[in-house]
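Structural characterization, general
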Amino acid sequence: MNINAAFLTLETTQSGGYVGAILVTDQIGIPQEFRCTHRVVATKVQQQLYGGTLKPHIGIELCGLPLLKEIKSKPNLIILKDSFLLALREKHEIPTIFLSRAEGIIETSDTKSSSEKLEGDFEPIIVKTHQGCNSDLNDAMSHLRSLRLDPLEPFVRIQTALQALAEQEVAKYG
Amino acid sequence: MITAKLKILKGPRYAAVRRLAPIDAPKTALAELLQELSTGTASIKIDKLFSPSLEDFSIVESVSVVGQDLLFQYPLSESIDLDTLSLLIPPTIQNVQLLTRPQRAGKSYNDEKEQLRLELSPDNSISEPVSTRPNSRKNRPQPKDRRAIFVDLFDLIFPILQPRVLQGPQQNTFLHSDLKSWQPEGIRFLVQNESALLADDMGLGKTVQTIVAMKILFQQGLIKTGIIVCPKSLIGPWERELGKWAEELYVVRVEGDKYTRPSQWDTRAHLHIANYETLTRDFIIEPYESAIQQRFDLCVLDEIQRIKNASKTSNACKSLNAKRRWGLSGTPLENQASDIVNIFNFLKPDLFGAIKEPSKTLIKSKIEPLTLRRRASDLKEMPEVIWDETYLDLLPNQRSVYDLAEQRGVVELKNLGETITVTHVLQLITRLKKICNLEEQSHESIKLEYLRDVLDEITDQGNKALVFSQYPNETLQKIMPELNKFRPELYQGSLSNAERDRKVNHFQNGDENKVLLMSLKSGGVGLTLTRANYVFLFDHWWNPAVMKQAVGRAARIGQEKTVFVRSLIIRNSIEEKIQQILRDKQTTFDEIVDDLSDDALQQRLSEDELFSLFGLSKKPVSSVRLLDNLHWAGFEDLVGKLYEQMGFKTEVTKRSGDHGIDVYATRHTSDGGKETLAIQCKHYPGRTVGEPEATSLWGAIYADHKISRGVLVTTGKFSKQCKDFVEGKRIRLIERGELEMLLRTYKLS
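Report on the accompanying structure.

**Side note on the overall build of chain A**
When its secondary structure is counted, chain A shows four helices and seven strands. Written out in order from the N terminus, the α and β elements of chain A read β-β-β-α-α-β-β-β-β-α-α. Split into buried and exposed, the 174 residues of chain A put 37% on the buried side. Sequence separation of at least 24 residues holds for 57% of the intrachain contacts in chain A that already meet a minimum separation of 6.

Rendered as structure tokens:
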């Protein structure tokens, strides 16, 4: 079975604001599709009004969902490196997981969601699902084991690409 | 609401172009399809798409629509002169651009003339290729601001999104093939040094090391744009290697006249490639401001010894605005202090500070960390023989003559009808191969240019070379004077035994002759020429066993160095086609054949394969039987219909008078003018049309200034006198073979 994995992230930009991006790759990491959003900058009023929910709102409503809707290469698995984006799973049917290095601190204190350790030719990774979708874990682990790459590595590519795009835009449009 | 892209793709080569997989569609006339595409929103008429000799779209093989892209394909055997392309755009359509699209690396370099994109954007509907943008930006660029952007942002960041190439291990899943054992060190050296001179011996793969190093830097986002400057003859090989090792990079070749180069400089791409002469013209002689102001993250000067002296060329290179600067050279430079200083003045301008004449010791200590030089002889793992193919593009005159010879040759073959044999095909192959070697009128030869460039490097290192060709008279004798500085000797069959011995002895034991030009037939066997460790196969014999035998002159007992063998192959030519078929067949040929002429090709390719080289079938069938059964008046009507199908308005004249003109055909041209053809029809099945008919037509054209050109069309053939007469005149001859082809194309058969 061919596995397409989507790596979805919300990055903070140097000049303030956020950019959402999604990279879909095949099993060996060859990019199939890449999309990103414009920089989203919240006004001071919005920051006050949204408070702690601002980042999840931008990540899920303004970036994550539109990106998932736009991509043409439908993934078998959505991989996140920000735990708050796991809430996306409530709005679609694709198994969605949050990854972090095993020695790192997992941001969420939630104990209801399932987690498992993934080992390979990379530093061990903790795989965690949305608390309401524990059944994702089996599928996700099987997909992850078939990937021939460090599943956190594509996020580095995304960051570099976003940086390059930002520089292009600055250079071109000021 | 139309965004249409028109691409003209040359054969299956472009099957891999991203997002544009060719789709088999029913053959449809180009004009119909464009009309279909633009129904209701825009209309467009394409006028004079192809060269007059090929009249309109007769050679378009398939047209298909993929999304909003239009794809046209025509057989590789055909040649299209897109310089004649003109488009008639209705004034209601705005924002129309006819663009040459930058090439994805390696997808054939003359593509700039072959692949065109037409964008129609009557409204602002150009979709944003990269982003889903939930919040709109007030200052977001509008389509009209982005006209010069031919490569979208996704294309530019594509390398960054690729899986990482590791610098350590030799073997890497994401590379075209395994690196040689010494190459990772060279790649690391380049990646780690912003200023670097890679001075490996020729044959160790400086180009490949540089490309992989660039690939890594692109992936890491450390460079986003680069420029490669190299000798003209090396542009093709660079492109080929880029295509193999870094196909994710978009490459623009800067060339052509002063009107086309500015747009090439302005085109966004990962890499620009220019030759030294072009760079000097655009930066110094007739400066193009936009090019000069361009900032590159990396500049690579291949054969950097070209700037060792103060010159316009070195000034042009020094005015390049690039942070990283790499030089490549196989020529030993260590002992020439001033050369080194000049070269490093480019690579690292502040290296010697204010010191004008640094001592040799200082130079050595300063450049050592920035220089990597490996000699082939020092590398223990080097194999005895390294084979390589070098693909080159014909020079402009050579290309024109080649294309014309191929077109004419194909028409002649078709005219032979059912009498055609393999021998006829082989004769055409030989004719074309000779043009690939050397175009005699203009004396242009890209192979010769390449040879001159690399021989400089090779001989500077104390090496010698053998150059083999199967055409001693037509090729070797003619290129010999151009290689005088290398004191070449010619070894061919007409020499006496004593002369042969003398030449071999001189070459083997003396230092004077650096190059031995050898006829394959006389020099391919028996000789020992171990003084040479570079072998150039100027043309091909389609039989690796024969080539091995030739290479065996150098690679044999007594040879102390690695032998480098280079096969020179012309892209988009009969040489490449045959090479491709042989490669696809993956057959091995171990036997040596005695016949070293092109006829030996019969033993390698089937009749079908040989005929297919020119788009012919084994037994051409006269599909237009109706021609023989037509009355002369019916023939004139048929010709009239044919030209109507080609987009003309036609008038078949009355049966008498009108200076023998049978059909007038008129259409509007792209520049707002009108083109009128006077067509004379000669229904002479099995007979020959002579000079008097052409003279009569010429008289009619001459007498009527409204007539743009004449066409003499026959169901028979034209005599040589007739063909000679029309040479250089505004008369086109269409004889039976071509007529049948046109009738088939326009579905009138």
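**Comments concerning the overall build of chain B**
Within chain B, the regular secondary structure consists of 26 helices and 28 strands. For chain B, the proportion of its 749 residues judged to be buried stands at 43%. When contacts within chain B are restricted to residue pairs at least 6 apart in sequence, those whose partners lie at least 24 apart make up 72%.

**Section: the sheet that holds strand E21 (residues 563-570) of chain B**
Residue and element names in this part refer to chain B. With respect to topology, six strands assemble into an open sheet ordered E16-E21-E20-E17-E19-E18, the strand pairing being parallel. Strands with a single pairing partner mark the edges of an open sheet, and in this sheet they are strand E16 (385-392) and strand E18 (489-491). Strand after strand, the sheet turns through a mean of 20° between neighbouring axes, direction not considered.

**Structural notes on the packing of helix H11 (residues 337-347) of chain B against helix H12 (residues 360-367) of chain B**
All names here are of chain B. As a packed pair, H11 and H12 sit with axes 11 Å apart at the nearest point and diverge in direction by 40°. Comparing their axes, H12 and H11 come out oblique. In this structure, H11 crosses over H12, and the sense of that crossing is left-handed. Seen from H11, the contacting residues are Ala337, Ile340, Val341 and Phe344; seen from H12, they are Lys360, Ile363 and Ile367.

**Some points on unusual backbone geometry**
Both trends apply: most residues other than glycine have a negative phi, and most peptide bonds are in trans. All names here are of chain B. Positive phi, close to 55°, is recorded for Glu303, a residue that is not glycine. Summarising the element assignment, Glu303 is placed in the loop between strand E13 (295-302) and helix H10 (312-318). Among the residues examined, Glu303 registers 21 C-beta atoms within 10 Å and is labelled buried. Phi at His443 takes a positive value of approximately 60°, unusual for a residue other than glycine. Among the secondary structure elements, His443 is positioned in the loop between helix H14 (422-437) and helix H15 (446-460). The class of His443 is partly exposed, set by 13 C-beta atoms lying within 10 Å.

**Details of the sheet that holds strand E28 (residues 731-734) of chain B**
Residue and element names in this part refer to chain B. On the basis of which strands lie adjacent, the open sheet formed by five strands has the order E22-E23-E24-E26-E28 and mixed pairing. One side of each edge strand has no neighbouring strand; the edge strands of this open sheet are strand E22 (649-652) and E28. Ignoring which end each strand starts from, the neighbouring axes of this sheet average 20° apart. Where strand E26 (residues 709-714) meets E28, four bridges bridge the pair, whose relative direction is parallel. Residue pairing across strands places Leu712 opposite Leu733, the latter belonging to E28.

**Details of the nonpolar core**
Within the largest apolar cluster, 104 residues are counted, with the highest numbers of intra-cluster contacts made by Ala6(A), Phe7(A), Ile22(A), Ile79(A), Ala161(A) and Val229(B). No other element matches the seven residues that helix H5 (residues 206-219) of chain B contributes to this core. By size, the runner-up hydrophobic cluster in this structure holds 64 residues, among which are Val454(B), Leu455(B), Leu466(B) and Val515(B).

**Topic: helix H24 (residues 691-703) of chain B**
Residues and elements named next belong to chain B. With 13 residues, H24 should cover 18 Å at 1.5 Å per step; its first-to-last C-alpha distance of 18 Å lies within 8% of that length. When H24 is considered as a whole, its buried residues turn out to be Ala694, Leu697 and Ile701. Seen from one end, H24 has its buried residues packed into an arc of 65°, which puts them on one side. Exposed positions of H24 whose direction lies more than 90 degrees from the buried face are Pro692, Tyr702 and Ala703.

**Quick notes on the environment of Glu512(B)**
All names here are of chain B. Note on placement: Glu512 falls in the loop between helix H17 (497-509) and strand E19 (515-519). For Glu512, a count of 9 C-beta atoms within 10 Å gives the class exposed. The spacing of Glu512 and Pro488 is 24 residues in sequence and 8.9 Å in space, taken between C-alpha atoms. With near-sequence residues (within four places) excluded, Glu512 lies in contact with Arg487 and His506.

**Describing helix H16 (residues 472-479) of chain B**
All names here are of chain B. Residues Pro472, Thr475, Leu476 and Ile479 constitute the buried set of H16. Axial view of H16: buried residues confined to an arc of 115°, hence all on one face. Of the surrounding elements, those touching the buried residues of H16 are H14, H15, strand E17 (465-469), E18 and E19.

**Points about the environment of Ala196(B)**
All names here are of chain B. Along the chain, Ala196 falls in strand E9 (residues 195-198). On the neighbour-count criterion, Ala196 (25 C-beta atoms within 10 Å) is buried. The residues touching Ala196, leaving out its near neighbours within four places in the chain, are Phe189, Leu190, Trp326 and Leu370.

**Description of the packing of helix H13 (residues 396-415) of chain B against H14(B)**
Residue and element names in this part refer to chain B. As a packed pair, H13 and H14 sit with axes 10 Å apart at the nearest point and diverge in direction by 175°. As summarised for this structure, H13 and H14 are arranged roughly antiparallel, according to the angle between their axes. Contacts between H13 and H14 involve Gln398, Val401, Tyr402, Ala405, Glu406, Gly409 and Leu413 on the former and, on the latter, His424, Val425, Leu428, Arg431, Leu432, Ile435 and Cys436. Its residues assigned to classes, the contact of H13 with H14 comprises nine nonpolar, three polar and two charged.

**Structural notes on the environment of Ser573(B)**
Residues and elements named next belong to chain B. Tracing the backbone through its elements, the reader meets Ser573 in the loop between E21 and helix H20 (574-585). Taking the C-alpha atoms as reference points, Ser573 and Glu406, 167 residues apart in sequence, are found 9.4 Å from one another. Setting aside its immediate chain neighbours within four residues, Ser573 contacts Leu394, Tyr402, Leu432 and Cys436.

Cut-offs and rules
- Residues numbered from 1 in each chain as written.
- Chains lettered and ligands numbered in written order.
- Predicted model: local features only at pLDDT ≥ 70, side-chain atom pairs only at ≥ 80, totals over all residues.
- Helix = DSSP H or I, 4+ residues; strand = E, 2+ residues; numbered from the N terminus.
- Buried ≥ 20, exposed ≤ 12 C-beta atoms within 10 Å, placed from the backbone.
- Contact = placed C-beta atoms within 7 Å.
- Pairing = 2+ DSSP bridges.
- Axes fitted to C-alpha atoms, helices over the stretch in contact; angles between N-to-C directions.
- Parallel < 35°, antiparallel > 145°, perpendicular 65-115°, else oblique.
- Left-handed = near helix turned anticlockwise from the far one by under 90°.
- Core = buried A, V, L, I, M, F, W, Y, C linked by C-beta atoms within 7 Å.
- Expected span 1.5 Å × (residues − 1).
- Arc of directions from axis to C-beta.
- Nonpolar A, V, L, I, M, F, W, Y, C, P; charged D, E, K, R; others polar.

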